[in-house]
Amino acid sequence: MTTSVLSTNNLPDPDDTSTDSVWAGAIVVGVSMRSGSPAALRWGLEEARHRGVPMVALTAFRPSATSSTIKPTPSRGVDSSDIIGRAKLGDLRQVVRRALGPNAEKMEDVELAAVRGSRSEVLIRVSQQACLLVVDASSVNPEPIFASSLLRNAQCPVVAMPRPVRKVHEKLDSVVSSVTVEGKPASDQSES
């Protein structure tokens, strides 16, 4: 895994056609630090391998309110954002390891990036060079404004991974088993 901490100033401009960027032709997975986005990471990696392109696991961050209230000096302003970015990158590395397994560190087709800026702004800027954006349901469902902005402004296709469906199947199985006894519907059982 390769890693990088960037600011939104390092992201591609709309007119930039450079192909040496980490985003060029990549599948970019927007990782929610709340949920860890495991389904998005696994699906994104599988799709990237299928297409023969790299996958970039991306998290966006904003400097905390306390660091932004400190009067920036050339060294202090750069250092505080850089420190926060490196911390976010470390958190992202742990999340990716949990989702993709202990061998994630050795994967050459997985890159990590922590980018300073808002989630929406970062993902939209990255979409200008990515071939696909992948986000998880926890990023989209509770925040329809974020989802609407992303879908309306992204320059590449966006995949929103659904919530896990295992619980739905478990509930369905319990309903079916309560209705069916020994292969016969429960209504047939009461008549015998």
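Now for a look at the structure at hand.

The rules behind the values
- Residues numbered from 1 in each chain as written.
- Predicted model: local features only at pLDDT ≥ 70, side-chain atom pairs only at ≥ 80, totals over all residues.
- Heavy atoms only, no water.
- Phe/Tyr/Trp six-rings, centres within 6.5 Å; stacked < 30°, edge-to-face > 60°.
- Lys NZ or Arg CZ within 6 Å of the ring centre and 35° of its normal.
- Core = buried A, V, L, I, M, F, W, Y, C linked by side-chain atoms within 4.5 Å.
- Buried < 20%, exposed > 50% of the residue type's maximum accessible area, 1.4 Å probe, protein only.
- Helix = DSSP H or I, 4+ residues; strand = E, 2+ residues; numbered from the N terminus.
- Contact = heavy atoms within 4.5 Å.

### Regarding the packing of aromatic side chains
- For the structure shown, the criterion picks out zero aromatic pairs.
- When the ring centre of Phe-146 is taken as reference, the NZ or CZ atom of Arg-119 above it lies at 4.0 Å.

### Thoughts on the nonpolar core
- Formed by 25 residues in total, the largest nonpolar core has its most connected members in Leu-41, Met-55, Ala-57, Val-96, Leu-100 and Val-110.
- At the level of secondary structure, the elements contributing two or more residues to this core comprise strand 2 (27–30), helix 1 (38–51), strand 3 (55–61), helix 3 (74–100), strand 4 (110–116) and strand 5 (132–136).
- It is helix 3 that contributes the most residues to this core, seven residues altogether.
- Sequence-distant contacts of Ala-57, that is, excluding residues within four places in its chain, are made with Val-29, Val-31, Leu-41, Leu-92, Val-96, Glu-111, Leu-112 and Ala-113.
- By size, the runner-up hydrophobic cluster in this structure holds 18 residues, among which are Val-28, Leu-123, Leu-133 and Phe-146.

### Thoughts on unusual backbone geometry
- Here Ser-37, not a glycine, exhibits a phi torsion of approximately 50°, which is positive.
- Inspection of the secondary structure puts Ser-37 in the loop between strand 2 and helix 1.
- Judged by its relative accessible area of 1%, Ser-37 falls in the buried class.

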